[in-house]
Amino acid sequence: MPTVECDPDEARRRLEESGVAVQSGNTEYERWRAERGDASAVAYDDKVVVQGANPADLLAILQPKGGRAHVYFDGASRGNPGPAAIGWAIVTSNGIVAEGSKRIGKTTNNRAEYEALIHALSVAAEYGYDEVDVRGDSQLIVKQVRGEWKTNDPGLRERRVKANELLTKFDRWSLEHVPREINDRADSLANEALDNA
């Protein structure tokens, strides 16, 4: 059960600004309660405890901006080109803060990988992280974005430029190639999106 050490009044303000309804607490120790999606939050004097099936529904709003996150991304295409989808996950010391997947139409596997990276970086920037350690199982994408390999395809080059623009939003970042087993959550999400079509 993730716990966010924070000022409960400031956390309440952030929730209300995000359109989340906040109610009075159920006991004398609870300052307030809030629910969104599959998550609920209970505020005490110096912390907010988040519980439920998907704590990420509230954690992204409650956590103070800044800090470090691990960002995982993966794209999948069946047919290359064929039906494609992306998957991504943002992980901090509190666990998975946010994750998602979606179908992106018909495209190649490499373009799907780039779209997954761009989407995951956009979400991490929206959440206000200062530092990101980005991990993906596409060696091509990682080496191209880091400038180690050339990008001859104009469509991939455009996506590489966008990924690099997003990376400049962070004070510090790293981008590493990892085996598929380490990137399994993003991989599973991308494939589930294709399976559920």
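Residues numbered from 1 in each chain as written. Predicted model: local features only at pLDDT ≥ 70, side-chain atom pairs only at ≥ 80, totals over all residues. Heavy atoms only, no water.

Participant: Lay out the overall build of the chain with the relevant residues and their values.
Facilitator: In terms of regular secondary structure, the chain is built from six helices and 10 strands. Over its C-alpha atoms, taken along the principal directions, the chain stretches across nearly 65 × 35 × 30 Å. A total of 197 residues make up the chain; the buried ones form 46% of that total. For the chain, the share of sequence-separated contacts (at least 6 apart) that also reach a separation of at least 24 residues comes to 61%. Surface exposure of the chain reaches about 9,800 Å², of which carbon and sulfur atoms provide 43%. Separation between the mean location of the 26 positive side-chain charges and that of the 33 negative ones in the chain comes to 7 Å. (Helix = DSSP H or I, 4+ residues; strand = E, 2+ residues; numbered from the N terminus. Buried < 20%, exposed > 50% of the residue type's maximum accessible area, 1.4 Å probe, protein only. Contact = heavy atoms within 4.5 Å. Areas by Shrake-Rupley, 256 points an atom, 1.4 Å probe, with all protein chains shown as cover. Lys, Arg positive; Asp, Glu negative; His and termini not counted. Charge placed at Lys NZ, Arg CZ, Asp CG, Glu CD.)

Participant: Tell me about helix α6 (residues 184-195), and please be specific about residues and values.
Facilitator: Over its 12 residues, α6 runs 16 Å from end to end, which matches the ideal 16 Å to within 8%, given 1.5 Å per residue. Every buried residue belonging to α6 is among Ala186, Asp187, Leu189, Ala190, Ala193 and Leu194, and all of these are buried. Buried residues of α6, seen end-on, are gathered within an arc of 165° and therefore sit on one face of the element. In this structure, the buried residues of α6 make contact with β6 (68-77), β7 (82-92) and β8 (95-107). (Expected span 1.5 Å × (residues − 1). Arc of directions from axis to C-beta.)

Participant: An account of the sheet that holds strand β4 (residues 39-43) is needed here, citing residue identities and associated values.
Facilitator: The strands that make up a sheet are held in pairs by hydrogen bonds between backbone atoms, and each pair lies either parallel or antiparallel. One open sheet holds the five strands; their spatial order is β1-β5-β4-β3-β2, and the pairing between them is antiparallel. At either end of the open sheet lies a strand with only one pairing partner, and these are β1 (3-5) and β2 (22-24). The mean inter-strand angle of the sheet, taken between neighbouring strand axes irrespective of direction, is 20°. Inspection of the sheet shows β2 paired to strand β3 (residues 32-36) by three bridges, in the antiparallel sense. Counterpart to Gln23 in the pairing with β3 is Arg33. (Pairing = 2+ DSSP bridges. Axes fitted to C-alpha atoms, helices over the stretch in contact; angles between N-to-C directions.)

Participant: Hey, could you go over the layout of surface pockets for me, with residue numbers and the actual values?
Facilitator: In this structure, the largest pocket encloses a volume near 150 Å³. Lining the largest pocket are Gln63, Pro64, Gly66, Gly67, Arg68, Ala69, His70, Thr92, Ser93, Asn94 and Tyr129. For the lining of the largest pocket, the element with the most residues is β6, which contributes three residues. Residue composition of the lining of the largest pocket, by class: three nonpolar, seven polar and one charged. (1 Å grid on protein atoms, 1.4 Å probe; cavity = no way out; pocket = protein on both sides within 12 Å on 5 of 7 lines; lining within 4 Å. Points joined across faces, edges and corners; volume = space filled by probe spheres on them. Nonpolar A, V, L, I, M, F, W, Y, C, P; charged D, E, K, R; others polar.)

Participant: Give a description of helix α5 (residues 154-167) that names residues and reports values.
Facilitator: End to end, α5 covers 20 Å across 14 residues, agreeing with the expected 20 Å (1.5 Å per residue, within 8%). Considered for burial, the residues of α5 that qualify are Gly155, Leu156, Arg159, Ala163, Leu166 and Leu167. Seen end-on, α5 carries its buried residues on one side only, within an arc spanning 110°. The exposed set on the far side of α5, more than 90 degrees from its buried face, consists of Pro154 and Glu158.

Participant: Account for the side chain of Arg135, with residues named and values stated.
Facilitator: With respect to the element layout, Arg135 can be found in strand β9 (residues 131-136). Lacking a salt bridge, the buried Arg135 has Asp133 as its closest oppositely charged neighbour, with an N-O distance of 4.1 Å. Within the local environment of Arg135, its side chain forms a polar contact with the side chain of Ser174, the two groups lying 3.2 Å apart. Dropping the residues within four chain positions of it, Arg135 is found in contact with Val71, Tyr72, Phe73, Ser174, Leu175, Glu176, Val178 and Asn183. (Salt bridge = Lys/Arg side-chain N within 4 Å of Asp/Glu carboxyl O. Polar contact = N/O pair within 3.5 Å; in protein donor to acceptor, adjacent residues only side chain to side chain.)

Participant: So what about the sheet that holds β6? Which residues, and what values?
Facilitator: The strand order β8-β7-β6-β9-β10 describes an open sheet built from five strands, whose pairing is mixed. The open sheet terminates on both sides in strands that have one partner only, identified here as β8 and β10 (172-177). Sheet twist, expressed as the average angle between the axes of neighbouring strands with direction ignored, equals 15°. By the bridge criterion, 11 bridges tie β7 to β8 in an arrangement that is antiparallel. Bridge assignment links Ala85 to a residue of β8, and that residue is Arg103. This element, helix α3 (residues 109-126), spans β6, β7, β8 and β9 of the sheet and lies at about 155° to β6.

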